[in-house]
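# Coordinate analysis (summary)
Listed below, chain by chain, are the residues.
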Amino acid sequence: MPVPAFGDLGKAANDLISKDFYHTSQATLDVKLKAPNGTNVTIKGKQGFDGVTSGSIEGKHTLKPQGTHSRSSSPQPRRFIQSMQFVASLPSSLRTELFLFAFGAPDGRGSRDTVGLTLRHASGVTITQGWTTSSLLDTKVELAEAIAPGVKVDLQNLWNPSKANSAAQKINLAFKNPNVHSRAFINYANGNGNIDAVVDVVAGHEGFLVGGEAAYDVQKAAITRYGLGLAYATPAYTASLHGMQNLSIIAASYYQKVNSSVEVGAKAGYDVQAQKASGLELASKYKLDPLSFAKVKVNDRGIAALAYSTKLNAGTTIGLGLSLDTQKLNEAGHKIGTSLTFEG
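This one's a predicted model, so the numbers in the text were calculated from it and none came from an experiment.

Turning our attention to the overall build of the protein chain. For the protein chain, the helix and strand inventory stands at one helix and 22 strands. Looking at the 344 residues of the protein chain, the share that counts as buried comes to 28%. In the protein chain, 32% of the contacts between residues at least 6 apart in sequence involve partners at least 24 apart. Carbon and sulfur atoms form 59% of the exposed surface of the protein chain, whose accessible area is close to 21500 Å².

Within the structure shown, the criterion is met by three aromatic pairs. Ring centres of Phe-208 and Tyr-232 lie 4.6 Å apart, and the angle between their planes is 50°; this geometry places the pair in the tilted category. Highlighted residues: Phe-208 in strand E13 (residues 208-217) and Tyr-232 in strand E14 (residues 222-233), separated in sequence by 24 residues. Assessed through its relative accessible area of 29%, Tyr-232 is described here as partly exposed.

All right, on to the side chain of His-181 then. Mapped onto the secondary structure, His-181 falls in strand E11 (residues 180-189). In terms of polar contacts, His-181 uses its side chain to reach the backbone carbonyl oxygen of Val-3, at 3.1 Å. Every residue in contact with His-181, bar those within four places of it in the chain, is listed here: Val-3, Pro-4, Ala-5, Phe-175, Lys-176, Asp-200, Val-201 and Val-202.

Below, the discussion takes up the nonpolar core. Counting residues in hydrophobic clusters, the biggest one holds seven residues: Val-3, Phe-6, Leu-9, Val-202, Leu-209, Ala-231 and Ala-233. Counting residues in hydrophobic clusters, the runner-up holds five residues, among them Ala-13, Ile-17, Tyr-255 and Ala-283.

Moving on: the pattern of salt bridges. Following the criterion strictly, the structure yields eight salt bridges and no others. One salt bridge in this structure joins Asp-200 and Arg-183, with 2.8 Å as the shortest N-O distance. Here Asp-200 is found in strand E12 (residues 195-205), whereas its partner Arg-183 is found in strand E11, with 17 residues between them in sequence. Linked by salt bridges that have partners in common, Lys-60, Glu-142 and Lys-152 make up one network.

With respect to the helices and strands, Ala-266 occurs in strand E17 (residues 262-271). Residue Ala-266 is classed as partly exposed on the basis of its relative accessible area of 22%. When the C-alpha atoms of Ala-266 and Leu-16 are compared, they prove to be 8.8 Å apart, with 250 residues separating the residues in sequence. Those residues in contact with Ala-266 that sit more than four places away from it in its chain are Ala-13, Ile-17, Ala-252, Ser-253, Tyr-254, Glu-281 and Leu-282.

One ladder, built from nine bridges, connects E11 with E12; its direction is antiparallel. Within E12, the position partnered with Ile-186 by the bridge is Ala-197. Counted between consecutive antiparallel strands, the loop separating E11 from E12 contains five residues, among which Gly-193 sits at a positive phi close to 70°. By the bridge criterion, 10 bridges tie E12 to E13 in an arrangement that is antiparallel. Within E13, the residue paired with Val-198 across the bridge is Ala-215. The turn joining E12 and E13, which pair antiparallel and follow one another in sequence, is formed by two residues; a positive phi near 50° is taken by Glu-206.

Pairing between strand E7 (residues 125-132) and strand E8 (residues 137-144): seven bridges, direction antiparallel. From the neighbouring strand, Gln-129 faces E8, where its bridge partner is Thr-139. As paired strands, E8 and strand E9 (residues 151-159) are joined by eight bridges and run antiparallel to one another. The partner of Asp-138 across the bridge, within E9, is Leu-158.

Its location among the elements puts Leu-228 in strand E14. Residues Leu-228 and Ala-214, 14 residues apart in the sequence, show an inter-C-alpha distance of 9.1 Å. Sequence-distant contacts of Leu-228, that is, excluding residues within four places in its chain, are made with Phe-6, Gly-211, Gly-212, Leu-241, His-242, Gly-243 and Leu-247.

What follows covers the side chain of Asp-200. Looking at Asp-200, the relative accessible area reads 2%, which means it is buried. In this structure the side chain of Asp-200 is engaged in a polar contact, spanning 2.8 Å, whose partner is the side chain of Arg-183. Residues in contact with Asp-200, not counting those within four places in the same chain, are Phe-6, His-181, Ser-182, Arg-183, Phe-185, Gly-212 and Glu-213.

About the thresholds
- Residues numbered from 1 in each chain as written.
- Predicted model: local features only at pLDDT ≥ 70, side-chain atom pairs only at ≥ 80, totals over all residues.
- Heavy atoms only, no water.
- Helix = DSSP H or I, 4+ residues; strand = E, 2+ residues; numbered from the N terminus.
- Buried < 20%, exposed > 50% of the residue type's maximum accessible area, 1.4 Å probe, protein only.
- Contact = heavy atoms within 4.5 Å.
- Areas by Shrake-Rupley, 256 points an atom, 1.4 Å probe, with all protein chains shown as cover.
- Phe/Tyr/Trp six-rings, centres within 6.5 Å; stacked < 30°, edge-to-face > 60°.
- Polar contact = N/O pair within 3.5 Å; in protein donor to acceptor, adjacent residues only side chain to side chain.
- Core = buried A, V, L, I, M, F, W, Y, C linked by side-chain atoms within 4.5 Å.
- Salt bridge = Lys/Arg side-chain N within 4 Å of Asp/Glu carboxyl O.
- Pairing = 2+ DSSP bridges.

So, in structure tokens, the structure goes:
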């Protein structure tokens, strides 16, 4: 199995427990479209039962690798020197083609000289532009295997035009091979000029996984948080143990795929400082047919949640969610939620 990122050591159990319940207190609408040029457009809307409505729109486009250059067949004017060109590329071990070139072609109207730098990425470039109803512009440029095999670089800019000094830049670096998955997140805030970084790494061998993370604040010149994680993963089940928030919270999770139709999972936490359990959740998913499934979960506070999802046709999925306080069944306060997704 591939080595997951540090935050994904217990992802299978977390997804089973958290996803598809539609937050049981709001209505959501997702529209996913693909333009003829390959741009993926995602529109999301959400209305909570408190009356607050929010939404976002995102466009994601991947620039394909450029083809070879071609010469024009039209006749060229006679010149003393037709052309002189110098091209240098980086070693083939780098997964990009970086060319430094100089070009000169004098003619009767003067000399045309050009010096430039061209970067052609073997895997293409992905550009994502998002906008939300809170006026947040999110621009991201992704380069897969830009430096070496297994390396990914993301450049992200967040900006709210209605707020001064609200811009923030992020650089995300990731390296992944069959035995190691490491990441680094570097954040810069224009408002206060602060730089902070988060680094995590996970190493694995024959299903056993061990990892850690640390956050560093440049202004404070101090480590602001750290954590450790252990896990054992197979295609059928996954067990993980996390020490978070400077090891003050211990979280354990377990996930198992019983058969092709049934999945079960559990998650528990323990507060080391308070010396008490901080939560227990159990969940199960049952696949009714190839297009539908039902989920149920319950926690240690007596809150039970139900979810149902079905695909009406090739591009439409509807989901329903219900949350019940089993200790107060005769009182108001139960919540419902809906989800509607269109894909085209």
